[in-house]
Amino acid sequence: MASMLRKITAEDRREAADALDDLKATLAYAGTQLPSPGIDWACASVTGIVLIDLGAAPTSVVVQIVDVLRAGVRARREQADQQPWHPSVGATVTLNAPGGVPLAAKVVGANGKLVTVRLDSWLTP
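Residues numbered from 1 in each chain as written. Predicted model: local features only at pLDDT ≥ 70, side-chain atom pairs only at ≥ 80, totals over all residues. Heavy atoms only, no water.

Visitor: Even after reading the chapter, I still don't get the overall build of the protein chain, so can you show me in this structure?
Guide: Assigned secondary structure in the protein chain consists of 4 helices and 5 strands. Over its C-alpha atoms the protein chain spans a radius of gyration of 26 Å, topping by over 25% the 14 Å that the globule rule assigns to 125 residues. Expressed along its principal axes, the backbone C-alpha trace of the protein chain runs to roughly 75 × 40 × 20 Å. With 125 residues in all, the protein chain has 19% of them scored as buried. If you take every contact in the protein chain between residues at least 6 apart in sequence, the share linking residues at least 24 apart comes to 29%. When the accessible surface of the protein chain is totalled, it reaches about 9,600 Å², and 57% of it is carbon and sulfur. Across the protein chain, 12 positive and 12 negative side-chain charges occur, with their mean positions spaced 5 Å apart. (Helix = DSSP H or I, 4+ residues; strand = E, 2+ residues; numbered from the N terminus. Rg over C-alpha atoms; globule rule 2.2 N^0.38 Å. Buried < 20%, exposed > 50% of the residue type's maximum accessible area, 1.4 Å probe, protein only. Contact = heavy atoms within 4.5 Å. Areas by Shrake-Rupley, 256 points an atom, 1.4 Å probe, with all protein chains shown as cover. Lys, Arg positive; Asp, Glu negative; His and termini not counted. Charge placed at Lys NZ, Arg CZ, Asp CG, Glu CD.)

Structure follows, in structure tokens:
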């Protein structure tokens, strides 16, 4: 039974080993490390679920890891903010008419960079 479970979980075990290696390399690149990470092979051989044990770490290491994660989250948010915005069908948008008059419009079509809107009213100042 154990050998059959071992065959079934072979890919999961490889993925876990790769993920742990990636984690260690990324933390090392960031200048920190977990003191005792590992893979819980015993759990995998009994349950078929491969778990990565991050181990115990002193507070200073956890603070360093949190700093690394926060920097990564900030970078992702900044990258997402730099992506062009494309409204979806049904959204309400504001158009700037000549003279700076804002006009509410409804998006009725969106295909790539082409957006079609419908003005509900045209107010002249």
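Still more to cover.
Visitor: What exactly am I supposed to notice about the sheet that holds strand 5 (residues 114-119) here?
Guide: Strand pairing in a sheet takes place through backbone hydrogen bonds and is either antiparallel or parallel in direction. Strand order in this open sheet of 3 strands is 3-4-5, and the pairing throughout is antiparallel. Each end of this open sheet is capped by a strand with a single partner; those strands are strand 3 (92-96) and strand 5. Between one strand and the next, the sheet's axes are offset by a mean angle of 50 degrees, whatever the strand orientation. (Pairing = 2+ DSSP bridges. Axes fitted to C-alpha atoms, helices over the stretch in contact; angles between N-to-C directions.)

Visitor: Explanation requested: the layout of surface pockets in the structure shown.
Guide: One simple way to see leftover space: roll a probe sized like a water molecule over the atoms. Put simply, the largest pocket is a space of about 170 Å³. Counting only elements with at least two residues in the lining of the largest pocket, the list comes to helix 2 (10-29) and helix 4 (59-81). Counting residues per element, the lining of the largest pocket draws most heavily on helix 4, at 4 residues. (1 Å grid on protein atoms, 1.4 Å probe; cavity = no way out; pocket = protein on both sides within 12 Å on 5 of 7 lines; lining within 4 Å. Points joined across faces, edges and corners; volume = space filled by probe spheres on them.)

Visitor: For this particular structure, what's the right way to read the pattern of salt bridges?
Guide: Between side chains of opposite charge, pairing is possible as soon as their charged atoms come close. Under the definition given, this model contains 1 salt bridge. Note that Arg14 and Glu11 form a salt bridge whose closest N and O atoms lie 3.0 Å from each other. With Arg14 and Glu11 both in helix 2 and 3 residues apart, the pair spans about one turn of that helix. (Salt bridge = Lys/Arg side-chain N within 4 Å of Asp/Glu carboxyl O.)

Visitor: Help me out: how do you make sense of the nonpolar core in this one?
Guide: The biggest cluster of nonpolar side chains holds 5 residues, and these are Ala16, Leu20, Ile39, Ala44 and Val50. Those residues in contact with Ala44, other than ones at most four positions away along the chain, are Leu5, Ile49 and Val50. (Core = buried A, V, L, I, M, F, W, Y, C linked by side-chain atoms within 4.5 Å.)

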